[in-house]
Amino acid sequence: MSRLAGKVALVTGGGRGVGRSLVEQLAAEGAKIVVNDLDPGPAAEAVEAITRAGGEAIACVGSVTDADFPRRFLDTAMARFGDAHILVNNAGYIWNGFLHKISDEQWDAIQDVHLRAPFRILREFHGAVRERIAAEHAAGLTVYRKVVNISSVAATGGTAGQSNYSAAKAGLFGLTRSLAKEWGPLRINVNCVAFGFIETRLTQEVHGETVIDIAGEKRRVGLTPQVMTMFKERIAFGRPGTTAEAAGGVMLLCFPEANYITGQIIEIDGGLAN
Ligand SMILES: NC(=O)c1ccc[n+]([C@@H]2O[C@H](COP(=O)([O-])OP(=O)(O)OC[C@H]3O[C@@H](n4cnc5c(N)ncnc54)[C@H](O)[C@@H]3O)[C@@H](O)[C@H]2O)c1
């Protein structure tokens, strides 16, 4: 199937987890991909996997929070593929703690990666495509572009120990709904998905302490077996989602069938009771 042939898709955090599955699914549908990740190895592996499967992709390595990142990201898409049609704000990590122990740095870092970076990337996306959109309109062409912001059920239902993350992810709801209204006339669909419990390194089962490296800093991740069992009992399907299933939900919003869907927040959580 090539239902996204001719489309150019930009995905942040595409080197691992849900983002990795998403870039491969988008490429399998014919989209050309700009894969961002903080870490060069996973970004290169994603590009290689796409190329091996017959697709086209280029990496744009770096933190989404860097001042010059949005410009580099969009410039990469325009220089290599000449357009930008699909943008998925997916990159992120967790830095949990109970509110009374959250430092200013911890609060700001999570707002920065999950909310400020998407805002800045979206602003750059607008700058990169607005003249094209004007030209398409003038030529009588109907082209829809898609934005999908990745949120969490931590924002819809709340999670103890994640007030910084929940607040940032809930911020994406307001951003999504307002931008859908601003960008409707431009035929840019702006939607948001809130994942439940998806099996990635952030949610791996841990016995003791497991840390991931975020730009040289160690961040604790993972769920204890007890928390994992508690989660599974609350999910209608009785199991976490796979990265392919989570990415599949995002794909739905990228297809032309979703051209009249905008400003929505869709929970992809296997029926997790909040
Ligand atoms: N896994 C879940 O259960 C779950 C639930 C709800 C929401 N989410 C959200 O889904 C998204 C993807 O998470 P995942 O579970 O696939 O995690 P993951 O750790 O497997 O993948 C995230 C990727 O983002 C990259 N990344 C992190 N910070 C970055 C930065 N500043 N700049 C560029 N890249 C960066 C990482 O290097 C990593 O490759 C995140 O926004 C996360 O908050 C995940």
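Bear in mind that the values here come from a model prediction, so they are computed numbers and not experimental data. (Residues numbered from 1 in each chain as written. Predicted model: local features only at pLDDT ≥ 70, side-chain atom pairs only at ≥ 80, totals over all residues. Heavy atoms only, no water.)

## Some remarks on the nonpolar core
- In this structure, Leu10, Phe73, Leu87, Phe125, Val147 and Trp183 are the most contacted members of the largest nonpolar core, which totals 36 residues.
- Residue assignment for this core shows that the elements contributing at least two residues are strand E1 (8-11), helix H3 (69-81), helix H4 (104-138), helix H6 (163-183), strand E6 (188-195) and strand E7 (210-214).
- Among the elements that take part in this core, H4 stands out by supplying 8 residues, more than any other.
- With near-sequence residues (within four places) excluded, Phe73 lies in contact with Leu10, Val11, Thr12, Val34, Asn36, Cys60, Leu87 and Ile121.
- Of all hydrophobic cores here, the second largest spans 30 residues; its members include Ala27, Ile33, Val35 and Val47. (Core = buried A, V, L, I, M, F, W, Y, C linked by side-chain atoms within 4.5 Å. Buried < 20%, exposed > 50% of the residue type's maximum accessible area, 1.4 Å probe, protein only. Helix = DSSP H or I, 4+ residues; strand = E, 2+ residues; numbered from the N terminus. Contact = heavy atoms within 4.5 Å.)

## Some words on the environment of Ala167
- Mapping Ala167 onto the fold places it in helix H6.
- The class of Ala167 is partly exposed, set by a relative accessible area of 30%.
- Separated by 60 residues in the primary sequence, Ala167 and Trp107 have C-alpha atoms spaced 9.6 Å apart.
- Ala167 has contacts with Trp107 and Gln111, leaving out every residue within four places of it along the chain.

## Concerning the packing of aromatic side chains
- Tallied over the full model, the rule gives 3 aromatic pairs.
- Taking 6.1 Å as the distance between ring centres and 35° as the angle between the ring planes, the aromatic pair formed by Phe125 and Trp183 counts as tilted. Here Trp183 lies in helix H6 and Phe125 lies in helix H4, a separation of 58 residues in the sequence.
- Classification of Phe125 as buried rests on a relative accessible area of 0%.
- On the basis of relative accessibility, which here comes to 6%, the residue Trp183 falls in the buried class.
- Judged by centre distance (5.2 Å) and plane angle (50°), the ring pair of Phe197 and Phe231 falls under tilted. With Phe197 in the loop between E6 and E7 and Phe231 in helix H7 (residues 225-234), this residue pair connects regions lying 34 residues apart in the sequence.
- With relative accessibility at 4%, the residue Phe197 sits in the buried group.
- Since its relative accessible area comes to 19%, Phe231 is described here as buried.
- Across the ring face of Phe255, the terminal group of Arg3 is positioned such that the distance to the ring centre comes to 3.9 Å. (Phe/Tyr/Trp six-rings, centres within 6.5 Å; stacked < 30°, edge-to-face > 60°. Lys NZ or Arg CZ within 6 Å of the ring centre and 35° of its normal.)

## Notes on helix H2 (residues 40-52)
- In a regular helix each residue adds 1.5 Å, so 13 residues correspond to 18 Å; H2 covers 18 Å between its end C-alpha atoms and thus fits that length.
- Three or more residues of H2 are buried, namely Pro42, Ala43, Ala46, Val47, Ala49 and Ile50. On an axial view of H2, the arc spanned by its buried residues comes to 160°, and they lie on one face. Turned more than 90 degrees away from the buried face of H2 sit Pro40 and Arg52, all of them exposed.
- For H2, the elements touching its buried residues are helix H1 (17-28), strand E2 (32-37) and strand E3 (57-61). (Expected span 1.5 Å × (residues − 1). Arc of directions from axis to C-beta.)

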